[in-house]
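# Observations on the model geometry
The chain contents come next:
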Amino acid sequence: MALRVLNVLCLLLLVLVFAMPFGWMLSTSLKTLPETMIFPPAWIPKQPVWENYAEAWKTGPFLKYFMNSFIVAIGILICQALTIIPAAYAFARYKFAGSNLLFGVVMVTLMIPAQLIFLPVYLELSALKLLNTHLGLILPFASSAFGIFLLRQGFMQVPEELIEAARLDQASEWKIIVRLMVPLVKPVLVTFALFSFIAHWNDYFWPLVMTTNETARTLPLGIAKIREVEGVATWNVLMAGNLILVAPILVAFFFSQRHIIRAFVYSGVK
Amino acid sequence: MAKIELINICKKYKDETVIDDLNLTIKDGSFTVLVGPSGCGKSTTLRMIAGLETATGGEIRIGGKRVNDTAPGHRDVAMVFQNYALYPTMTVRGNIEFGLKNRGVAKAEREKLIAEIAEIVGLDQLLDRKPQQLSGGQRQRVALARAMVKKPKVFILDEPLSNLDAKLRNQMRTELIQLHRRLGTTFVYVTHDQVEAMSMGDEIVVMHQGVIQQADTPMKLYHEPANLFTAQFIGTPAMNVLDTRDAAGLSLESESTVAKLGFRPEQAVFDWGGMHEGYRLTGEVMTRESLGAENIYQIKAPGGVFFVKTFLEPLREEQTVRVVVPYEQLYYFGPDGKRLYGVRVQERQLAAAGGV
């Protein structure tokens, strides 16, 4: 009993650590600028200032940023699904000459930091006239070593008999992947999709480097620009902008958390 | 329906030869059981017929057509796996339907076939369940339905009953026999359980270390084993085998060396009043097992340990027993394990031997 109470207390503490900054962001986004500065800080604003959201939205072409972010993040997801699923299936299920070596190469790419390759990639995209385009932001992430690795593990857990049964049922390899394997690793796939979506939705560095004007600029760049307005950090507006930024992620998480929990307590296909 | 022919089949995994020069004809419409201890190559043989394994050498023919290079889905075979291999994300209906869809069967036709099959195996109430929601026996039925719905020429079953409990296993055994009668399709069945093989098959192929020991009807296997391996593999308990050098009081006359002699536990009779003629053994009872209708005794004689099985007789309590095996029930084997025929017991020695 005592252990249980302790357990719950520890968990509550953890929740607090993670939830507090978030709560603070929400609270600040509804304050007036002077209210954000008072000491001791107040959690609940006297009168919620919803106008902060409108103001944040007006500081730049936010609809455009939003659409850009959406196109880029979803575009990356689609490309990744098209590349990692067949790759992971091949690595998990086929034994071909050089398969181990190739998989090793894929794994090595996991260890190369983005900062190391952005310059050559920039030059390459520039030569291909892809700077300031959605494609330029999507293509460098069209595949994912992490995704291949994760999915390969998932595919490897599927019993061989299932695939053999499907082959006897006259299913083509594509059909086996689409109708049998993918549904079986859905929790893994959803988790990866969410990770990828969050990472690219929030990505600041790459769009910053690969865009020089507003055509393809994404939301995080837009939010960062709020700070520069009038030389003063308008924290309340900035926090409102941040909430606009994370809202889609929260929605995505809300719909996929069931799968994510399953992916982490995954104990194989029975 | 189709006959299956395996001609000079070899299977090698890297340097290891699993099957070497195997020749077998499985008759059209037969219920053929491949049986043997684990690792004897029976599953590999089965998987080569299904096309899940490629033969390193030789030719496989189904219905007279060479299928070595035909994909599993196009061989017109259906398989039931040991763990059923049902598609976990599909419903029972989806499982049965998958193969039909892949063959391009029209929707109306598919629904008719599924309804038919579901009725036969008693799944009509469960079509919208997922495999996880089914019991072992029900899953087994789904696996059967999925195989049957394709109306294949050959049914392949890889230890399909080994995941079921004893009672259900007996029930499914009967159902499979009935199913085979009803369909008249060639059944190829793999098991390591000789009881299963004997009770279901009308043709049994005993395998050991990748070599066919004997392929025959159940009764032929039981009464006329071709070698020591088959003799000891078929029957519960197995055939008793004694070294001829230890078999005191028995003088044999033969053209070749007799290394072993054997007899079935159920052919030995307790020598109650000395009425029976035959090979006599005296020994000490080590264990008694009573199964109700039958009793099994483990007896230690100077020549070795052997079993005796009696039917519908009261359990014997005495420590030392005398047992007699009629001469015509003795089997003889050469040093290589091959069955020897035409071995005669020398009559002159009989009187002396009788007194042991």
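Residues numbered from 1 in each chain as written. Chains lettered and ligands numbered in written order. Predicted model: local features only at pLDDT ≥ 70, side-chain atom pairs only at ≥ 80, totals over all residues.

### Overview of the overall build of chain A
A tally of helices and strands in chain A yields 14 helices and zero strands. N-terminal to C-terminal, the α/β element order of chain A is α-α-α-α-α-α-α-α-α-α-α-α-α-α. When its C-alpha atoms are laid out on the principal axes, chain A stretches across 70 × 65 × 30 Å. When each of the 270 residues of chain A is scored for burial, the buried share is 28%. Within chain A, contacts between residues separated by at least 24 positions form 79% of all contacts whose residues are at least 6 apart in sequence. (Helix = DSSP H or I, 4+ residues; strand = E, 2+ residues; numbered from the N terminus. Buried ≥ 20, exposed ≤ 12 C-beta atoms within 10 Å, placed from the backbone. Contact = placed C-beta atoms within 7 Å.)

### Some points on the overall build of chain B
Summing up its helical and strand segments, chain B has nine helices and 21 strands in all. In terms of principal-axis extent, the alpha carbons of chain B reach across some 80 × 45 × 35 Å. Taken across its 356 residues, chain B has 38% of its residues classed as buried.

### Thoughts on the sheet that holds strand 6 (residues 77–80) of chain B
Residues and elements named next belong to chain B. In spatial order, the strands read 6-7-8-3-9-10; together these six strands make up an open sheet with mixed pairing. For this open sheet the edge positions go to strand 6 and strand 10 (211–216), each flanked by a neighbour on one side alone. Neighbour to neighbour, the strand axes of the sheet diverge by 15° on average, direction disregarded. Pairing analysis gives five bridges linking strand 3 (residues 31–35) to strand 8 (residues 186–191), with the strands arranged parallel. (Pairing = 2+ DSSP bridges. Axes fitted to C-alpha atoms, helices over the stretch in contact; angles between N-to-C directions.)

### Concerning the nonpolar core
Membership of the largest hydrophobic core comes to 114 residues, with the highest contact counts inside it found for A:L151, B:A145, B:I156 and B:V188. Residues within four places of B:V188 in sequence aside, it is in contact with B:I4, B:I26, B:T32, B:L34, B:L46, B:I49, B:V154, B:F155 and B:I156. (Core = buried A, V, L, I, M, F, W, Y, C linked by C-beta atoms within 7 Å.)

### Structural notes on helix 13 (residues 219–226) of chain A
Since the α-helix turns once every 3.6 residues, residues separated by three or four places project in the same direction. Among the residues making up helix 13 of chain A, those that are buried are A:L219, A:P220, A:G222, A:I223 and A:I226. Relative to the axis of helix 13 of chain A, the buried residues are bounded by an arc of 155° and lie together on one face. (Arc of directions from axis to C-beta.)

### Considerations on the packing of helix 2 (residues 92–102) of chain B against helix 4 (residues 136–148) of chain B
All names here are of chain B. Contact pair helix 2 / helix 4: the axes reach a minimum separation of 8 Å and the direction vectors enclose 25°. Judged by the inter-axis angle, helix 2 sits roughly parallel to helix 4. Considering the relative orientation of helix 2 and helix 4, their crossing is right-handed. Contacts from V92, N95, I96 and G99 of helix 2 reach helix 4 at V142, A145 and R146. Class assignment for the residues of the contact of helix 2 with helix 4 results in four nonpolar, two polar and one charged. (Parallel < 35°, antiparallel > 145°, perpendicular 65-115°, else oblique. Left-handed = near helix turned anticlockwise from the far one by under 90°. Nonpolar A, V, L, I, M, F, W, Y, C, P; charged D, E, K, R; others polar.)

### Some remarks on unusual backbone geometry
With an omega of -5°, the peptide bond running from A:F39 to A:P40 counts as cis. Tracing the chain through its elements places A:P40 in the loop between helix 2 (33–37) and helix 3 (51–58). Of note, the amide linkage connecting B:T236 to B:P237 takes the cis form, showing an omega dihedral of -15°. Following the sequence through the fold, B:P237 ends up in the loop between helix 8 (228–233) and strand 11 (240–243). Non-glycine residue B:Y84 carries a positive phi angle of around 70°. Locating B:Y84 in the fold gives a position in the loop between strand 6 and helix 2. Residue classification places B:Y84 among the buried positions, given that 23 C-beta atoms sit within 10 Å.

### Focus on the sheet that holds strand 5 (residues 65–66) of chain B
Residue and element names in this part refer to chain B. Here we have four strands laid out as an open sheet, ordered 2-1-4-5, and antiparallel in their pairing. In the strand order of this sheet, the two ends are held by strand 2 (16–26) and strand 5, each with one partner. Pairing analysis gives two bridges linking strand 4 (residues 57–62) to strand 5, with the strands arranged antiparallel. If you follow R61 over to strand 5, its bridge partner there is R66.

### Some thoughts on the environment of B:T185
Looking at where B:T185 falls in the secondary structure, it is placed in the loop between helix 5 (166–183) and strand 8. Note on B:T185: 21 C-beta atoms within 10 Å, which makes it buried.

### A short note on the interface of chain B and chain A
Of the residues lining the interface, 18 residues belong to chain B; the matching set on chain A comes to 15 residues. Every element with two or more residues in the side of chain B that touches chain A is listed here: strand 6 and helix 2 of chain B. Its residues placed into classes, the side of chain B that touches chain A shows eleven nonpolar, six polar and one charged.

### Remarks on the pairing of strand 17 (residues 304–311) of chain B
Along any regular strand the residues' side chains alternate between the sheet's two faces. Residues and elements named next belong to chain B. Bridge count for strand 16 (residues 294–301) against strand 17 is eight bridges, and the pairing is antiparallel. Paired with N295 across the strands is T310, a residue of strand 17. The turn joining strand 16 and strand 17, which pair antiparallel and follow one another in sequence, is formed by two residues.

### Topic: the UniProt feature "domain: ABC transporter" (unreviewed entry) in chain B
According to UniProt, the "domain: ABC transporter" (unreviewed entry) feature falls on residues 4–234 of chain B. Counted over residues 4–234 of chain B, helix gives 37% and strand 26%. Its end C-alpha atoms are 25 Å apart. (UniProt positions renumbered as here; feature names shortened; annotations may be inferred.)

### Regarding the domain arrangement of chain A
Residue and element names in this part refer to chain A. Assigned domains of chain A: these are domain 1 (1–49) and domain 2 (59–264). If you average the C-alpha positions of domain 1 and of domain 2, the two centres end up 31 Å apart. Counting from both sides, the interface comprises nine residues of domain 1 and, opposite them, seven residues of domain 2. Counting only elements with at least two residues in the side of domain 1 that touches domain 2, the list comes to helix 1 (2–29) and helix 2. The element that contributes the greatest number of residues to the side of domain 1 that touches domain 2 is helix 1, accounting for four residues. (Domains from an automatic or database assignment.)

### A few points about the domain arrangement of chain B
Residue and element names in this part refer to chain B. Segmenting chain B into domains produces domain 1 (4–228) and domain 2 (237–354). In this structure, domain 1 and domain 2 have C-alpha centres spaced 39 Å apart. In this assembly, four residues from domain 1 lie in contact with seven residues from domain 2. Of the residues belonging to the side of domain 1 that touches domain 2, the class tally is three nonpolar, one polar and no charged.

### Description of the UniProt feature "transmembrane region" (unreviewed entry) in chain A
On the UniProt side, "transmembrane region" (unreviewed entry) is annotated at positions that read residues 65–89, 101–123, 135–155, 176–201 and 235–255 of chain A here. Structurally, residues 101–123 of chain A comprises 83% helix and 0% strand, and the distance from its first C-alpha atom to its last is 29 Å.

### Digging into the pairing of strand 10 of chain B
Residues and elements named next belong to chain B. Relative to strand 10, strand 9 (residues 203–208) runs antiparallel, the two sharing five bridges. Across the sheet, M207 pairs through a bridge with I212, a residue of strand 10. Linkage of strand 9 to strand 10, two consecutive antiparallel strands, is achieved through a turn of two residues, within which Q209 is found at a positive phi near 50°.

### Describing the environment of B:E196
Residues and elements named next belong to chain B. With respect to the element layout, E196 can be found in helix 6 (residues 194–200). With 22 C-beta atoms counted inside 10 Å, the residue E196 sits in the buried group. Ignoring any residue separated from it by four or fewer positions in sequence, one finds E196 in contact with L161, R173 and T191.

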